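Working through the structure, step by step
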Amino acid sequence: SSTPDVYIVERLFSSSLVVVVSTAMPQRMNIYHFKKGTEICNYSYPNNILAVKLNRQRLMVCLEESIYIHNIKDMKLLKTLLNTPSNPSGLCALSTNHSNSYLAYPGSATIGEIIVYDANNLNTVTMIPAHDSPLAALTFNTSATKLASASERGTVIRVFSIPEGQRLFEFRRGMKRYVNISSLSFSPDGQFLCASSNTETVHIFKLEQLGPSGGDEAATWTSYVGKMFSAASSYFPAQVSGMMSQDRAFATVHLLTSGQKNVCTLAMIQKLPRLLVATADGQLFIYNVDPLDGGECMLSHKHRLFGVDDDQVEETESEGSEVTGPAQACPSYAATAALPASGPVTATLTG
């Protein structure tokens, strides 16, 4: 059915469970089985729904000044967090791994405090003083051991340990200008973090492991790439070496357009790391990421999800320029993006 006024769509990993909120009824959440095309249930709330997040244990609904936590098995309301600090954009994050459900949301409307809440045990875990200005973006890594955040200024992205809330990394976007960071996402193995904004550049930062403790986790994309900090960390005084600051992104992507809302995520597709960027005008760009040397990422595929392209020749061009084999590769992008490992990819498109 055509639903042009839908502004929230959330899917439970790669299952058939889909949550939808429309501008016609912004206080009502509808849950559908989309393969059968049937509605499972719907719930109404006292104010407009600004965000919905779900994992295998919990479904949470974020309003401007309250958060509702449901048990996903039977949709029973377990907890209502009332009088939360004003959160007009509905900013929040829910971890997606199996063993815990951490919820992160702003602890202040004026400065960048993060409250980390345990949605399984229904208690507050920690409060993180993350930024001087209000929060603009939040995301957990797949294993829920790290939380990344950016403020409204968008100059610094910080990564904290979960549940302790200690600052682990600080990434500067390089530019001094303020930008609106719209999307933050970790790679499935937690080694990289991508950030997109209202500018034409997407930044990919690398989380270098420090000390012997990170040995196991690093035995993935980047086990053989300890160039940047491993040598340097031994020269820092003890209190400094716990938190690493980087002034340059490991890799970058220059989008064809800037100024429109987009969502970025890192995924493994055909065993290679890729950056996926979906834009509000209905396009999906897939870039190859060099896990060793980084640098400028090359465009691999471009898909039109809805809308019309300006140039009609683009289709024949892309057929010829596909590096990793055409048609049969296409279904695997959707499948890969929806894998539990990378969490649900979300695009909230208004209008």
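Keep in mind that this is a model prediction, so the values were computed, not measured.

Each value, and the rule that gives it
Residues numbered from 1 in each chain as written. Predicted model: local features only at pLDDT ≥ 70, side-chain atom pairs only at ≥ 80, totals over all residues. Heavy atoms only, no water. Helix = DSSP H or I, 4+ residues; strand = E, 2+ residues; numbered from the N terminus. Contact = heavy atoms within 4.5 Å. Areas by Shrake-Rupley, 256 points an atom, 1.4 Å probe, with all protein chains shown as cover. Pairing = 2+ DSSP bridges. Axes fitted to C-alpha atoms, helices over the stretch in contact; angles between N-to-C directions. Phe/Tyr/Trp six-rings, centres within 6.5 Å; stacked < 30°, edge-to-face > 60°. Buried < 20%, exposed > 50% of the residue type's maximum accessible area, 1.4 Å probe, protein only. Polar contact = N/O pair within 3.5 Å; in protein donor to acceptor, adjacent residues only side chain to side chain. Salt bridge = Lys/Arg side-chain N within 4 Å of Asp/Glu carboxyl O. Core = buried A, V, L, I, M, F, W, Y, C linked by side-chain atoms within 4.5 Å.

This brings us to the overall build of the protein. For the protein, the helix and strand inventory stands at 3 helices and 26 strands. For the protein, restricting intrachain contacts to residue pairs at least 6 apart in sequence, the fraction spanning at least 24 positions comes to 43%. Summing over all exposed atoms, the protein offers an accessible surface of approximately 16500 Å²; the carbon and sulfur share of this is 54%.

If you walk across this open sheet you meet the 4 strands as β22-β23-β24-β26, and the pairing is antiparallel. This sheet does not close on itself; its edge strands, each paired only once, are β22 (262-269) and β26 (298-304). Between one strand axis and the next, the sheet turns by 20° as a mean value, whatever way the strands run. Of the strand pairs in this sheet, strand β24 (residues 283-288) and β26 are connected by 6 bridges, and their pairing is antiparallel. Bridging from a neighbouring strand, tyrosine 287 pairs with leucine 299 of β26.

The geometry of an aromatic ring pair comes down to the distance between the two centres and the angle between the two planes. What the rule picks out here adds up to 5 aromatic pairs. Their ring planes at 15° and their centres at 4.8 Å tell us that phenylalanine 171 and phenylalanine 205 sit as a pair that is stacked. Taken together, the residues phenylalanine 171 in strand β16 (residues 167-172) and phenylalanine 205 in strand β19 (residues 201-206) connect sequence positions 34 residues apart. Take phenylalanine 171 and phenylalanine 205: they sit in the same class, and that class is buried.

Moving on, we get to the sheet that holds strand β20 (residues 244-246). The pairing of strands in a sheet happens through backbone hydrogen bonds and is either parallel or antiparallel. In space, the 5 strands of this open sheet follow the order β13-β14-β15-β16-β20, with mixed pairing throughout. Of all the strands in the sheet, just β13 (135-140) and β20 have a single pairing partner and so form its edges. Within the sheet, the average angular offset between the axes of one strand and its neighbour, ignoring direction, is 15°. Direction of pairing for β16 relative to β20: parallel, over a ladder of 3 bridges. Note that in β20 the partner of phenylalanine 169 across the bridge is methionine 244.

This part is about the side chain of threonine 265. With respect to the helices and strands, the residue threonine 265 is situated in strand β22. A polar contact of 3.2 Å, which involves the side chain of threonine 265, links it to the side chain of serine 185.

Side chains that differ in sign of charge can pair as their charged atoms come close. Under the counting rule described, the total for this entry stands at 4 salt bridges. Here arginine 158 and glutamate 170 are joined by a salt bridge, their closest N and O atoms 2.8 Å apart. In this pair, arginine 158 is assigned in strand β15 (residues 156-161) and glutamate 170 in strand β16, connecting sequence segments 12 residues apart. For arginine 158, a relative accessible area of 14% gives the class buried. The buried category is assigned to glutamate 170, whose relative accessible area is 6%. Across the pair glutamate 208 and lysine 206 runs a salt bridge whose closest N-O atoms are separated by 3.3 Å. By relative accessible area, glutamate 208 is classed as buried at 7%. On the basis of relative accessible area, lysine 206 is assigned to the buried category, the value being 2%. Residues joined in a network through salt bridges with shared partners are Arg158, Arg167, Glu170 and Arg172.

Let us now look at the environment of alanine 137. Tracing the chain through its elements places alanine 137 in strand β13. Separated by 12 residues in sequence, alanine 137 and serine 149 place their C-alpha atoms 5.5 Å apart. Other than its neighbours up to four places away in sequence, alanine 137 contacts Leu91, Ala148, Ser149, Ala150, Ile181 and Leu184.

A separate point is the nonpolar core. Grouped together as the largest cluster of nonpolar side chains are 20 residues, with contacts concentrated most on Met29, Ile31, Ile49, Val52, Leu59 and Val61. In terms of residue count, strand β2 (residues 17-22) provides more of this core than any other element does, 3 residues in total. One finds Ala150, Phe169, Phe186 and Met244 within the second-largest nonpolar core, a separate group that totals 17 residues.

The analysis is restricted to geometry; functional conclusions fall outside its scope.
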